[in-house]
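Summary of the model geometry
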Amino acid sequence: MSMLSTVAVRLKCLEHGEESSLISLWDPFLLEHYDRMYGSLARECGEDIDFLYVGVCGDYGEIIIHNTVNHYKFSPKHGHVGFWCADRYAREDWKRYLENKYATADALGAAWGEEISDFSGDLMQFTEGDNAVKRMDFADWYTSSVMGFCEHIGRTKPLKNNTKRKVILFIS
């Protein structure tokens, strides 16, 4: 068993709380794994790479978050269209996002039209009746998280420092 499989936190769907086989993009070690992988690639092939097309997308164009991948050898057992952000690191990041944006639970509650006494509760529960501010906060955080991950992959230093040619990041 690899180090990655024993320590990685997996994506977890918000709808069912089921884990995927894919690593959470909020796992703080995921970017280190990417850097190590690209560093190895650069050491082995750096001067020989003419063009690198780095794809961080899923089967239907979603960025690193799978939808219904079920045709690959290592497909997740649980996969569907939805939000894959219920793991502990994603929840911690969501809480930080809200604390940074609103500073107080009262301000958050006023914006969302809810009674919120502190940031320690489950703030990742959504219903059909949620107001637009709550939904936009979630959409902004989720999208920013995914794009921040992709930006890091696109700036990966081991490849940029060791290749004299183009490194292209594909985001669909």
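Residues numbered from 1 in each chain as written. Predicted model: local features only at pLDDT ≥ 70, side-chain atom pairs only at ≥ 80, totals over all residues. Heavy atoms only, no water.

1. Points about the overall build of the protein
Assigned secondary structure in the protein consists of six helices and four strands. Mapped from its N terminus to its C terminus, the protein presents α and β elements in the order α-β-β-α-β-α-α-α-α-β. Relative to its 172 residues, the protein shows a buried fraction of 39%. Considering only contacts within the protein whose residues lie at least 6 apart along the sequence, 60% involve residues at least 24 apart. Here the protein has roughly 10,300 Å² of accessible surface; of this, 53% comes from carbon and sulfur atoms. (Helix = DSSP H or I, 4+ residues; strand = E, 2+ residues; numbered from the N terminus. Buried < 20%, exposed > 50% of the residue type's maximum accessible area, 1.4 Å probe, protein only. Contact = heavy atoms within 4.5 Å. Areas by Shrake-Rupley, 256 points an atom, 1.4 Å probe, with all protein chains shown as cover.)

2. Re the packing of helix α3 (residues 88-102) against helix α4 (residues 105-112)
Packing of α3 against α4 brings their axes to within 8 Å, and their N-to-C directions diverge by 95°. One element, α3, and the other, α4, form an angle in the roughly perpendicular class. Between α3 and α4, the contacting residues are W94, L98 and Y102 on the first element and A107, L108, A111 and W112 on the second. (Axes fitted to C-alpha atoms, helices over the stretch in contact; angles between N-to-C directions. Parallel < 35°, antiparallel > 145°, perpendicular 65-115°, else oblique.)

3. Description of α4
Every buried residue belonging to α4 is among A105, L108, G109 and W112, and all of these are buried. Along the long axis of α4, the arc covered by the buried residues comes to 100°, so they all point the same way. Of the exposed residues in α4, the ones pointing more than 90 degrees away from its buried face are D106 and A110. Just past α4, the residue G113 takes up positive phi, approximately 70°. (Arc of directions from axis to C-beta.)

4. So, the nonpolar core
Among the nonpolar cores identified, the biggest contains 34 residues, and W26, C85, W94, L98 and W141 are the most heavily contacted of them. Elements that contribute at least two residues to this core include exactly α2 (30-45), α3, α4 and α5 (132-154). Of the residues forming this core, the biggest block, seven residues, is contributed by α5. The contact partners of C85, leaving out residues within four places of it in the chain, are K12, L14, W26, A90, R91, M124, F138, W141 and Y142. (Core = buried A, V, L, I, M, F, W, Y, C linked by side-chain atoms within 4.5 Å.)

5. A look at the packing of aromatic side chains
For the coordinates displayed, the defined rule picks out 13 aromatic pairs. On the basis of an interplanar angle of 55° and a centroid distance of 5.3 Å, the ring pair of W94 and W141 is categorised as tilted. Here W141 lies in helix α5 and W94 lies in helix α3, a separation of 47 residues in the sequence. Classification of W94 as buried rests on a relative accessible area of 2%. (Phe/Tyr/Trp six-rings, centres within 6.5 Å; stacked < 30°, edge-to-face > 60°.)

6. Quick look at the environment of D130
You can see D130 is positioned in the loop between α4 and α5. On the accessibility criterion, D130 (14% relative accessible area) is buried. Placed 16 residues apart in sequence, D130 and E114 show a C-alpha to C-alpha distance of 9.2 Å. Residue contacts for D130: discarding those within four places in its chain leaves E114, Q125 and R135. Within the structure, the side chain of D130 is placed 2.7 Å from the backbone nitrogen of T127, a separation counted as a polar contact. (Polar contact = N/O pair within 3.5 Å; in protein donor to acceptor, adjacent residues only side chain to side chain.)

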